[in-house]
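The residues making up each chain are set out below.
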Amino acid sequence: MSVLTLDHLGYSYGERSSSVFQNICYQFEKGKVYSIVGRSGAGKTTLLSLLSGLAKPTSGKILFEGNDIAEMDKYRYRSQYVGVVFQSFNLLPHLTALENVRLSMDLSGKKYENKNEYALRMLQSVELDEAKAKRRILKLSGGEQQRVAIARALSYHPEIILADEPTGNLDGETQDQIMDIFQRLAHQDGKCVILVTHSPAVAKASDEVYQLSSK
Ligand SMILES: Nc1ncnc2c1ncn2[C@@H]1O[C@H](COP(=O)(O)OP(=O)(O)O)[C@@H](O)[C@H]1O
Ligand SMILES: [Mg+2]
């Protein structure tokens, strides 16, 4: 069953601007990795912000498990069902990896038995051991920071993971490792993973590729 459905989705940044895209119909399923591709300015970041509930469609709808997200509690949708990995990671550089994950757990408002242990487990699931978990973000490599950002997005068990250029600043080998994590999240844990990418290697390693074409 589809977890996210785009139903004649359209968006424009204001009444006088022309639309970025219109009439998109598409279905995203659990258990798959999707790549959204398209040239610069095609609307990839705009589409992700609509999927994350940050922006509202100007025409058409986005359905989450059959419910129009515009009619759902926006805060609940954003804090429980979707995990977003930003291009710039958005981590707090002076805090440790562990503290960054714990902070987002606190913000989600969910209850956890043992926060510290749970956060360590999330970091371990992206191959960051306890020593790395206790290191400040500033002292981690780009690939490690990206993994902290993924662990943070996973900490409240969202069904959907959204990531904008998640491998953009990483070398080829690190990119492959990050892609392995996304594939495992989809294929083993049954998440719906949606990536925006310029990388042909990332697109090739995805289950489905959605080409966003500009008019
Ligand atoms: N805040 C904004 N206000 C007005 N236009 C915007 C804004 N953000 C993006 N755009 C325009 O919307 C189009 C799509 O942008 P974007 O989604 O960032 O594309 P991509 O991520 O594919 O490069 C571009 O033409 C861009 O100039
Ligand atoms: Mg973009």
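This text goes with the structure placed above it.
Computed from a predicted model, the values in this text were never measured in an experiment.

**Q** It is not clear to me how the pairing of strand β7 (residues 160-164) should be interpreted in this structure. Could you clarify?
**A** For β7, the buried fraction is high: five of the five residues fall into the buried class. Burial of the side chains of β7 extends over both faces: I160, L162 and D164 are buried on one face and I161 and A163 on the other. Here strand β6 (residues 82-85) runs beside β7; their pairing, made up of four bridges, is parallel. The residue of β7 that forms the bridge with V84 is L162. As paired elements, β7 and strand β8 (residues 192-196) share five bridges and run parallel to each other. Paired with I160 across the strands is C192, a residue of β8. What joins β7 to β8 is helix α7 (residues 172-187), and the crossover it makes is right-handed.

**Q** What should I look at first to understand the sheet that holds β8 in this one?
**A** Either a parallel or an antiparallel arrangement is found when strands of a sheet pair, and the pairing is made through backbone hydrogen bonds. Strand order across the open sheet formed by five strands is β6-β7-β8-β3-β9, with parallel pairing between neighbours. The sheet is open, and its two borders are formed by β6 and β9 (208-211), each paired with just one other strand. Between one strand and the next, the sheet's axes are offset by a mean angle of 20°, whatever the strand orientation. Pairing between strand β3 (residues 33-37) and β8: four bridges, direction parallel. Opposite S35, over in β8, you have L195 as the bridge partner. Contacts from helix α2 (residues 74-81) reach β6 and β7 within the one sheet, and its direction differs from that of β6 by about 70°. Against the sheet, helix α6 (residues 142-154) engages β6 and β7, with an angle of about 165° to β6.

**Q** Looking at this model, I keep getting lost on the side chain of E165. Mind explaining?
**A** Mapped onto the elements, E165 comes out in the loop between β7 and α7. For E165, which is buried and forms no salt bridge, the nearest opposite charge comes from K44, at a distance of 5.8 Å. In this structure E165 touches Q87, V196, T197 and H198, once residues within four positions along its chain are discounted.

**Q** I'm lost on the nonpolar core in this one. Help?
**A** General note: in soluble globular proteins, nonpolar side chains tend to be found buried as a group. In terms of nonpolar packing, the biggest core is built from 38 residues, with L123, V148, I150, F182, V193 and L195 touching the most fellow members. Elements with a contribution of two residues or more to this core: α3 (97-108), α4 (115-125), α6, β7, α7 and β8. By size, the runner-up hydrophobic cluster in this structure holds 30 residues, among which are Y11, L50, I62 and I160.

**Q** Please explain the side chain of E144 as it appears in this structure.
**A** As for its position among the elements, E144 is in helix α6. Residue classification places E144 among the buried positions, given a relative accessible area of 12%. Not counting chain neighbours up to four residues away, the residues in contact with E144 comprise L128 and K132.

**Q** I tried to follow the pattern of salt bridges on my own but got confused; where do I start?
**A** When the charged atoms of two side chains lie near each other, side chains of opposite charge can form a pair. Within this structure, the stated rule accounts for eight salt bridges. Measuring nitrogen to oxygen at the nearest pair gives 3.0 Å for the salt bridge that ties K30 to E159. One end of the pair, K30, is in the loop between β2 (21-29) and β3; the other, E159, is in the loop between α6 and β7, and 129 residues separate them in sequence. A salt bridge links E208 to K32, with the nearest nitrogen and oxygen atoms 3.0 Å apart. Separated by 176 residues along the polypeptide, E208 in strand β9 and K32 in the loop between β2 and β3 bring together distant segments of the chain. Residue E208 is classed as partly exposed on the basis of its relative accessible area of 29%. When its relative accessible area of 23% is taken as the criterion, K32 is described as partly exposed. Put simply, E29, K32 and E208 are held in one network by salt bridges that share partners.

**Q** Help me understand the site of ligand 1, please; the structure alone is not making it clear to me.
**A** Around ligand 1, the structure places Y13, V20, R39, S40, G41, A42, G43, K44, T45 and T46. A distance of 3.3 Å separates an oxygen atom of ligand 1 from a polar backbone atom of A42. Between ligand 1 and G43 there is a distance of 2.9 Å, counted from an oxygen atom to a backbone nitrogen or oxygen. Contact with the protein chains hides 52% of the accessible area of ligand 1, taken as 560 Å² for the molecule alone. Taken together, the residues of the shell around ligand 1 sort by class into three nonpolar, five polar and two charged.

Cut-offs used in this document
Residues numbered from 1 in each chain as written. Chains lettered and ligands numbered in written order. Predicted model: local features only at pLDDT ≥ 70, side-chain atom pairs only at ≥ 80, totals over all residues. Heavy atoms only, no water. Buried < 20%, exposed > 50% of the residue type's maximum accessible area, 1.4 Å probe, protein only. Helix = DSSP H or I, 4+ residues; strand = E, 2+ residues; numbered from the N terminus. Pairing = 2+ DSSP bridges. Right-handed = clockwise from strand over helix to strand, strands pointing away. Axes fitted to C-alpha atoms, helices over the stretch in contact; angles between N-to-C directions. Contact = heavy atoms within 4.5 Å. Lys, Arg positive; Asp, Glu negative; His and termini not counted. Salt bridge = Lys/Arg side-chain N within 4 Å of Asp/Glu carboxyl O. Core = buried A, V, L, I, M, F, W, Y, C linked by side-chain atoms within 4.5 Å. Near = heavy atom within 4 Å. Polar contact = N/O pair within 3.5 Å; in protein donor to acceptor, adjacent residues only side chain to side chain. Areas by Shrake-Rupley, 256 points an atom, 1.4 Å probe, with all protein chains shown as cover. Nonpolar A, V, L, I, M, F, W, Y, C, P; charged D, E, K, R; others polar.

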